[in-house]
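Residues per chain are reported as follows:
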Amino acid sequence: MAHGVHVSDKDLNLMKQQGSAVAHCPLSNFFFAGGSLPCKHLLERGNKVGLGTDIAGGYHPSIVDSARAAVLASMSLKHQYQDESLLLEKPRATTLDDDPPLDYRHSFYLATLGGADALG
């Protein structure tokens, strides 16, 4: 499944049950999807995730650029959740608030074994 930016936990459960994977294309998500994939959340749930370049929605076919963008997207998403929780009277009930964002090790996994696992 491409992008997966707007899937619910119910959708993710079904995808995991069926063995479906998400192609995480962070640059395309920035430009067109209107959101960022909570990639680390999916990995922790056991969903399959691979990294993609999606040149139609990005500016370069480099997997290294996509790996960098995956880390930036994760950091951006963490900042977004932190900012929103400051505006709410009650903190958001999600693990995304306390989880550290993806780092280079996660993005390397997504670009290599994560992609291989996603493709079967």
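Residues numbered from 1 in each chain as written. Predicted model: local features only at pLDDT ≥ 70, side-chain atom pairs only at ≥ 80, totals over all residues. Heavy atoms only, no water.

We now examine the overall build of the protein. A tally of regular secondary structure across the protein gives five helices and two strands. Counting only carbon and sulfur atoms, one obtains 59% of the accessible surface of the protein, whose full area is about 7,100 Å². (Helix = DSSP H or I, 4+ residues; strand = E, 2+ residues; numbered from the N terminus. Areas by Shrake-Rupley, 256 points an atom, 1.4 Å probe, with all protein chains shown as cover.)

What follows concerns the pattern of salt bridges. Following the criterion strictly, the structure yields three salt bridges and no others. D65 is paired through a salt bridge with R68; the nearest N and O atoms lie 2.8 Å apart. Separated by three residues within a single helix, D65 and R68 lie in helix α4 (residues 63-87), roughly one turn from each other. Relative accessible area serves as the criterion here: at 18%, D65 is assigned to the buried category. Between R105 and D103 there is a salt bridge, with its nearest N and O atoms 2.4 Å apart. (Salt bridge = Lys/Arg side-chain N within 4 Å of Asp/Glu carboxyl O. Buried < 20%, exposed > 50% of the residue type's maximum accessible area, 1.4 Å probe, protein only.)

L12, M15, V22, L37, C39, L42, V49, L51, A67, A70, L102 and L110 form the largest nonpolar core, which has twelve residues in total. At the level of secondary structure, the elements contributing two or more residues to this core comprise α1 (9-18), α3 (39-45), β2 (48-51) and α4. Not counting residues within four places of it along the chain, the set of residues in contact with L42 comprises L12, V22, L37, N47 and V49. (Core = buried A, V, L, I, M, F, W, Y, C linked by side-chain atoms within 4.5 Å. Contact = heavy atoms within 4.5 Å.)

Take unusual backbone geometry next. You will see that H3, though not glycine, has its phi angle at about 70°, which is positive. Inspection of the secondary structure puts H3 in the segment before α1.

This part takes up the confidence of the model for the protein. Scored by pLDDT, the protein comes out at a mean of 83, with 81% of its residues at no less than 70. At the level of individual helices and strands, the protein shows its lowest average pLDDT in α4, which scores 80, and its highest in β2, which scores 96. Note on residues 90-97: pLDDT is under 50 here. Beyond four places in sequence and across chains, it has ten contacts. (pLDDT = per-residue confidence, 0-100.)

Summarising the element assignment, L43 is placed in helix α3. In the structure, L43 is positioned 63 residues away from H106 in sequence and 9.3 Å away in space, judged by C-alpha atoms. Excluding residues within four positions of it along the chain, L43 makes contact with V49, L102, Y109 and L110.

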